[in-house]
Amino acid sequence: MDMPQHQPLRDHVAIVTGAGQGIGRAVARTLADHGAHLVVNDLDQSNAESTAEELRSSVTTAFHFQADVTDAPGVQAMVDWTADTFGAVHILVNNAGILFPTSVMDIDEDEWDRVIDVNLKGAFLCSKAVLPHMREAGWGRIVNFSSTAGKNVSTVGGAHYTAAKAGVLGFTRHLAREVAPYNITVNAVCPGLIDTEMVRGTIDEERTRAYARSFPIPRLGRPEEVANLVAFLASDQAAYITGASLDINGGDLMI
(Lines give C-alpha, C1' and ligand atoms only; values in the text may rest on other atoms or scores of the structure.)
Protein backbone atom coordinates (compact mmCIF):
# COMPACT_ATOMS: atom_id res chain seq x y z
CA MET A 1 0.00 0.00 0.00
CA ASP A 2 1.43 3.35 -1.02
CA MET A 3 1.38 5.84 1.84
CA PRO A 4 1.32 9.60 1.23
CA GLN A 5 4.51 11.31 2.33
CA HIS A 6 2.45 13.86 4.23
CA GLN A 7 0.04 12.40 6.77
CA PRO A 8 -2.45 15.14 7.69
CA LEU A 9 -4.36 12.87 10.09
CA ARG A 10 -1.39 11.52 12.02
CA ASP A 11 -2.40 10.53 15.57
CA HIS A 12 -6.05 11.34 14.97
CA VAL A 13 -8.55 8.69 16.06
CA ALA A 14 -11.33 7.72 13.65
CA ILE A 15 -14.39 5.50 13.88
CA VAL A 16 -15.76 4.31 10.53
CA THR A 17 -19.09 2.50 10.61
CA GLY A 18 -19.94 -0.14 8.05
CA ALA A 19 -16.25 -0.50 7.28
CA GLY A 20 -16.20 -4.22 6.66
CA GLN A 21 -16.51 -3.86 2.90
CA GLY A 22 -17.15 -1.48 0.03
CA ILE A 23 -16.87 2.26 0.52
CA GLY A 24 -16.45 1.95 4.29
CA ARG A 25 -13.45 -0.30 3.90
CA ALA A 26 -11.90 2.08 1.38
CA VAL A 27 -12.51 5.01 3.76
CA ALA A 28 -10.84 3.19 6.64
CA ARG A 29 -7.85 2.35 4.45
CA THR A 30 -7.49 5.91 3.19
CA LEU A 31 -7.75 7.48 6.66
CA ALA A 32 -5.12 5.03 7.83
CA ASP A 33 -2.90 5.99 4.90
CA HIS A 34 -3.21 9.57 6.12
CA GLY A 35 -2.01 8.63 9.59
CA ALA A 36 -5.21 8.04 11.57
CA HIS A 37 -5.74 5.28 14.11
CA LEU A 38 -8.86 3.32 13.20
CA VAL A 39 -11.76 1.66 14.92
CA VAL A 40 -13.44 -0.42 12.25
CA ASN A 41 -17.13 -0.99 12.92
CA ASP A 42 -19.39 -3.42 11.13
CA LEU A 43 -22.39 -5.56 12.00
CA ASP A 44 -20.52 -8.48 10.41
CA GLN A 45 -17.69 -9.23 12.82
CA SER A 46 -15.64 -11.27 10.34
CA ASN A 47 -15.67 -8.40 7.82
CA ALA A 48 -14.67 -5.91 10.51
CA GLU A 49 -11.84 -8.18 11.66
CA SER A 50 -10.62 -8.57 8.09
CA THR A 51 -10.45 -4.83 7.49
CA ALA A 52 -8.71 -4.15 10.81
CA GLU A 53 -6.19 -6.91 10.18
CA GLU A 54 -5.40 -5.51 6.74
CA LEU A 55 -4.78 -2.06 8.21
CA ARG A 56 -2.64 -3.35 11.06
CA SER A 57 -0.46 -5.33 8.67
CA SER A 58 0.34 -2.29 6.57
CA VAL A 59 -0.02 1.17 7.96
CA THR A 60 -1.61 1.88 11.31
CA THR A 61 -3.12 0.93 14.65
CA ALA A 62 -6.54 -0.56 13.98
CA PHE A 63 -9.12 -2.45 16.00
CA HIS A 64 -12.49 -3.87 15.05
CA PHE A 65 -15.68 -3.35 17.04
CA GLN A 66 -18.81 -5.26 16.14
CA ALA A 67 -21.91 -3.18 16.85
CA ASP A 68 -25.32 -2.43 15.38
CA VAL A 69 -25.48 1.32 14.76
CA THR A 70 -29.21 1.29 15.51
CA ASP A 71 -28.60 0.05 19.07
CA ALA A 72 -27.85 2.96 21.41
CA PRO A 73 -26.11 0.95 24.17
CA GLY A 74 -23.94 -0.82 21.59
CA VAL A 75 -22.98 2.46 19.96
CA GLN A 76 -22.15 4.04 23.32
CA ALA A 77 -20.02 1.04 24.25
CA MET A 78 -18.08 1.35 21.00
CA VAL A 79 -17.42 5.06 21.48
CA ASP A 80 -16.51 4.66 25.16
CA TRP A 81 -14.11 1.84 24.31
CA THR A 82 -12.48 3.96 21.61
CA ALA A 83 -12.04 6.92 23.94
CA ASP A 84 -10.67 4.71 26.72
CA THR A 85 -8.25 2.99 24.35
CA PHE A 86 -6.94 6.02 22.46
CA GLY A 87 -7.78 8.88 24.81
CA ALA A 88 -9.89 10.71 22.22
CA VAL A 89 -12.31 10.43 19.31
CA HIS A 90 -11.55 12.96 16.57
CA ILE A 91 -13.29 11.66 13.45
CA LEU A 92 -16.58 9.84 12.87
CA VAL A 93 -17.60 8.56 9.46
CA ASN A 94 -21.24 7.46 9.43
CA ASN A 95 -21.03 5.12 6.47
CA ALA A 96 -23.16 2.16 7.60
CA GLY A 97 -26.14 1.72 5.31
CA ILE A 98 -28.50 -0.76 3.73
CA LEU A 99 -30.92 -0.65 0.82
CA PHE A 100 -33.62 -2.77 -0.75
CA PRO A 101 -35.10 -2.17 -4.23
CA THR A 102 -38.64 -2.65 -2.95
CA SER A 103 -41.55 -0.68 -4.43
CA VAL A 104 -43.67 1.38 -2.05
CA MET A 105 -46.64 -0.98 -2.40
CA ASP A 106 -44.48 -3.89 -1.27
CA ILE A 107 -42.52 -2.29 1.60
CA ASP A 108 -43.72 -3.63 4.92
CA GLU A 109 -43.37 -1.65 8.13
CA ASP A 110 -40.44 -3.67 9.44
CA GLU A 111 -38.42 -3.15 6.26
CA TRP A 112 -39.22 0.58 6.25
CA ASP A 113 -38.11 0.93 9.87
CA ARG A 114 -34.90 -1.04 9.34
CA VAL A 115 -33.78 1.04 6.35
CA ILE A 116 -34.57 4.33 8.10
CA ASP A 117 -32.91 3.15 11.31
CA VAL A 118 -29.63 2.01 9.77
CA ASN A 119 -29.20 4.91 7.37
CA LEU A 120 -30.54 7.79 9.48
CA LYS A 121 -30.97 6.81 13.12
CA GLY A 122 -27.51 5.22 13.09
CA ALA A 123 -25.94 8.52 12.06
CA PHE A 124 -27.80 10.27 14.89
CA LEU A 125 -26.82 7.75 17.58
CA CYS A 126 -23.16 7.63 16.60
CA SER A 127 -22.89 11.40 16.30
CA LYS A 128 -24.54 11.97 19.66
CA ALA A 129 -22.15 9.51 21.30
CA VAL A 130 -18.95 11.09 19.96
CA LEU A 131 -19.86 14.74 20.52
CA PRO A 132 -18.78 14.96 24.20
CA HIS A 133 -15.32 13.68 23.26
CA MET A 134 -14.98 16.05 20.31
CA ARG A 135 -16.11 18.99 22.42
CA GLU A 136 -13.56 18.09 25.08
CA ALA A 137 -10.81 17.92 22.43
CA GLY A 138 -11.94 21.20 20.85
CA TRP A 139 -11.76 19.55 17.42
CA GLY A 140 -13.93 17.12 15.52
CA ARG A 141 -14.99 15.93 12.10
CA ILE A 142 -18.23 14.11 11.35
CA VAL A 143 -18.80 12.90 7.80
CA ASN A 144 -22.24 11.49 7.05
CA PHE A 145 -23.11 9.38 4.04
CA SER A 146 -26.07 10.55 2.05
CA SER A 147 -26.44 9.77 -1.66
CA THR A 148 -27.67 11.17 -4.94
CA ALA A 149 -30.90 9.61 -3.66
CA GLY A 150 -30.99 12.29 -0.96
CA LYS A 151 -31.17 15.01 -3.61
CA ASN A 152 -33.13 13.22 -6.31
CA VAL A 153 -34.40 9.63 -6.39
CA SER A 154 -32.50 6.45 -5.61
CA THR A 155 -31.06 4.64 -8.62
CA VAL A 156 -31.26 1.17 -7.09
CA GLY A 157 -32.96 1.53 -3.69
CA GLY A 158 -36.57 2.03 -2.67
CA ALA A 159 -38.47 5.01 -1.27
CA HIS A 160 -37.30 4.21 2.27
CA TYR A 161 -33.68 4.58 1.14
CA THR A 162 -34.43 7.85 -0.65
CA ALA A 163 -36.25 9.19 2.42
CA ALA A 164 -33.44 8.17 4.77
CA LYS A 165 -30.72 9.76 2.64
CA ALA A 166 -32.73 12.99 2.36
CA GLY A 167 -33.04 12.91 6.13
CA VAL A 168 -29.27 12.58 6.48
CA LEU A 169 -28.86 15.88 4.62
CA GLY A 170 -31.22 17.67 6.98
CA PHE A 171 -29.56 16.15 10.03
CA THR A 172 -26.14 17.17 8.70
CA ARG A 173 -27.13 20.80 8.27
CA HIS A 174 -28.78 21.07 11.66
CA LEU A 175 -25.99 19.37 13.59
CA ALA A 176 -23.36 21.44 11.78
CA ARG A 177 -24.98 24.63 13.05
CA GLU A 178 -25.22 23.34 16.62
CA VAL A 179 -21.61 22.22 16.97
CA ALA A 180 -19.73 24.80 14.90
CA PRO A 181 -18.79 26.85 18.01
CA TYR A 182 -16.82 23.86 19.29
CA ASN A 183 -14.59 23.58 16.21
CA ILE A 184 -16.52 20.53 15.01
CA THR A 185 -17.53 20.31 11.36
CA VAL A 186 -20.31 18.12 10.00
CA ASN A 187 -20.61 17.40 6.30
CA ALA A 188 -22.27 14.88 4.01
CA VAL A 189 -20.97 13.10 0.95
CA CYS A 190 -23.44 12.14 -1.76
CA PRO A 191 -22.09 9.31 -3.89
CA GLY A 192 -23.74 8.25 -7.09
CA LEU A 193 -23.47 4.70 -8.37
CA ILE A 194 -20.27 3.28 -6.90
CA ASP A 195 -18.82 -0.12 -7.76
CA THR A 196 -19.46 -1.94 -4.47
CA GLU A 197 -20.73 -5.30 -3.33
CA MET A 198 -24.05 -3.72 -2.35
CA VAL A 199 -24.64 -2.30 -5.83
CA ARG A 200 -23.48 -5.47 -7.59
CA GLY A 201 -25.75 -7.52 -5.36
CA THR A 202 -28.79 -5.37 -6.11
CA ILE A 203 -28.76 -4.90 -9.90
CA ASP A 204 -27.54 -7.18 -12.67
CA GLU A 205 -24.55 -6.58 -14.93
CA GLU A 206 -26.58 -5.42 -17.93
CA ARG A 207 -28.42 -2.78 -15.90
CA THR A 208 -25.17 -1.71 -14.27
CA ARG A 209 -23.54 -1.13 -17.67
CA ALA A 210 -26.59 0.79 -18.89
CA TYR A 211 -26.46 3.13 -15.92
CA ALA A 212 -22.73 3.64 -16.37
CA ARG A 213 -23.16 4.58 -20.06
CA SER A 214 -25.76 7.19 -19.10
CA PHE A 215 -23.42 9.22 -16.89
CA PRO A 216 -21.35 12.13 -18.29
CA ILE A 217 -18.33 10.24 -16.99
CA PRO A 218 -19.46 6.87 -18.35
CA ARG A 219 -18.46 4.48 -15.60
CA LEU A 220 -19.21 3.58 -12.02
CA GLY A 221 -17.32 5.43 -9.32
CA ARG A 222 -14.61 3.66 -7.35
CA PRO A 223 -14.77 3.35 -3.56
CA GLU A 224 -11.29 4.89 -3.32
CA GLU A 225 -12.50 8.04 -5.04
CA VAL A 226 -15.21 8.51 -2.41
CA ALA A 227 -12.70 7.74 0.32
CA ASN A 228 -10.39 10.51 -0.89
CA LEU A 229 -13.24 13.01 -0.55
CA VAL A 230 -13.98 11.80 2.99
CA ALA A 231 -10.31 12.12 3.95
CA PHE A 232 -10.31 15.72 2.72
CA LEU A 233 -13.38 16.57 4.80
CA ALA A 234 -11.75 14.95 7.84
CA SER A 235 -8.64 17.10 7.53
CA ASP A 236 -7.75 20.67 8.47
CA GLN A 237 -7.80 21.51 4.78
CA ALA A 238 -11.60 21.46 5.06
CA ALA A 239 -11.78 23.46 8.29
CA TYR A 240 -14.06 26.13 6.77
CA ILE A 241 -16.52 23.65 5.24
CA THR A 242 -19.48 22.62 7.36
CA GLY A 243 -23.12 21.81 6.76
CA ALA A 244 -22.27 21.01 3.16
CA SER A 245 -23.25 18.12 0.90
CA LEU A 246 -20.60 17.19 -1.64
CA ASP A 247 -21.55 15.29 -4.78
CA ILE A 248 -19.39 12.56 -6.27
CA ASN A 249 -21.42 10.99 -9.04
CA GLY A 250 -19.69 11.31 -12.41
CA GLY A 251 -21.88 14.28 -13.28
CA ASP A 252 -25.15 12.37 -12.90
CA LEU A 253 -27.04 15.25 -11.24
CA MET A 254 -26.02 17.72 -13.95
CA ILE A 255 -28.46 16.16 -16.39
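Read on for an overview of the structure. Model, not experiment: these values are computed from the prediction.

1. A closer look at the sheet that holds strand β1 (residues 13–16)
Remark on secondary structure: sheet strands pair via backbone hydrogen bonds, oriented parallel or antiparallel. Ordered by their spatial adjacency, seven strands build an open sheet running β3-β2-β1-β4-β5-β6-β7, and the pairing between neighbours is parallel. Of all strands in the sheet, those with a lone pairing partner are β3 (62–66) and β7 (245–248), marking the two edges. The sheet shows a mean angle of 20° between the axes of neighbouring strands, direction not considered. With four bridges joining them, strand β6 (residues 184–191) and β7 adopt parallel strand pairing. By the bridge assignment, Ala 188 is partnered in β7 with Ser 245.

2. Quick notes on the nonpolar core
Within the largest apolar cluster, 33 residues are counted, with the highest numbers of intra-cluster contacts made by Val 27, Leu 31, Leu 38, Val 93 and Phe 145. Put simply, the parts of the chain that give this core at least two residues each are β1, α1 (22–33), β2 (37–42), α2 (45–56), β4 (91–94), β5 (140–145) and α8 (223–233). Look past the residues within four positions of Val 93 in its chain and what remains in contact with it is Ile 15, Val 16, Thr 17, Val 27, Leu 31, Val 143, Phe 145 and Val 230.

3. A look at the packing of aromatic side chains
Scanning the entire structure with this criterion turns up four aromatic pairs. Each ring, one from Phe 63 and one from Trp 81, has its centre 5.3 Å from the other, and the planes form 80°; the classification is edge-to-face. One end of the pair, Phe 63, is in strand β3; the other, Trp 81, is in helix α3 (residues 72–86), and 18 residues separate them in sequence. Residue class for Phe 63 comes out partly exposed when judged on its relative accessible area of 30%. Through successive ring pairs, a cluster of aromatic residues spans Phe 63, Phe 65, Trp 81 and Phe 86. Its guanidinium or amino end placed over the ring of Tyr 182, Arg 135 lies 3.9 Å from that ring's centre, counting from NZ or CZ.

4. A few points about the state of the cysteines
Scanning all chains against the criterion turns up zero disulfides. Not engaged in a disulfide, the cysteine Cys 126 finds its nearest cysteine sulfur in Cys 190; these two sulfurs lie 18 Å apart. Residue classification places Cys 126 among the buried positions, given a relative accessible area of 1%.

5. Comments concerning unusual backbone geometry
One non-glycine residue with positive phi stands out, namely Asp 11, at about 70°. Positive phi values are uncommon outside glycine, yet Asn 183 reaches one of about 65°.

6. Describing the packing of α1 against α8
Where α1 meets α8, the axes come as close as 8 Å, and the angle between the chain directions of the two elements is 50°. In terms of orientation, α1 and α8 fall into the oblique class. The chirality of how α1 crosses α8 is right-handed. Residues Gly 22, Ile 23, Ala 26, Val 27, Arg 29, Thr 30 and Leu 31 of α1 form the contact with α8, whose participating residues are Pro 223, Glu 224, Val 226, Ala 227, Asn 228, Val 230 and Ala 231. When its residues are assigned to classes, the contact of α1 with α8 shows nine nonpolar, three polar and two charged.

7. Some words on the pattern of salt bridges
Enumeration according to the criterion identifies ten salt bridges in this entry. A salt bridge links Lys 151 to Asp 247; its shortest N-O distance comes to 2.8 Å. Taken together, the residues span a long stretch of sequence, with Lys 151 in the loop between β5 and α5 (159–179) and Asp 247 in strand β7 at a distance of 96 residues. Relative accessible area serves as the criterion here: at 36%, Lys 151 is assigned to the partly exposed category. Residue Glu 205 pairs with Arg 200 through a salt bridge whose shortest N-O separation is 2.6 Å. Residue Arg 200 is classed as partly exposed on the basis of its relative accessible area, which comes to 36%. Members of the salt-bridge network, linked through shared partners, are Asp 195, Arg 200, Glu 205 and Arg 209.

The rules behind each value
Residues numbered from 1 in each chain as written. Predicted model: local features only at pLDDT ≥ 70, side-chain atom pairs only at ≥ 80, totals over all residues. Heavy atoms only, no water. Pairing = 2+ DSSP bridges. Helix = DSSP H or I, 4+ residues; strand = E, 2+ residues; numbered from the N terminus. Axes fitted to C-alpha atoms, helices over the stretch in contact; angles between N-to-C directions. Core = buried A, V, L, I, M, F, W, Y, C linked by side-chain atoms within 4.5 Å. Buried < 20%, exposed > 50% of the residue type's maximum accessible area, 1.4 Å probe, protein only. Contact = heavy atoms within 4.5 Å. Phe/Tyr/Trp six-rings, centres within 6.5 Å; stacked < 30°, edge-to-face > 60°. Lys NZ or Arg CZ within 6 Å of the ring centre and 35° of its normal. Disulfide = S-S within 2.5 Å. Parallel < 35°, antiparallel > 145°, perpendicular 65-115°, else oblique. Left-handed = near helix turned anticlockwise from the far one by under 90°. Nonpolar A, V, L, I, M, F, W, Y, C, P; charged D, E, K, R; others polar. Salt bridge = Lys/Arg side-chain N within 4 Å of Asp/Glu carboxyl O.

Shape is all these values report; function is a separate question.
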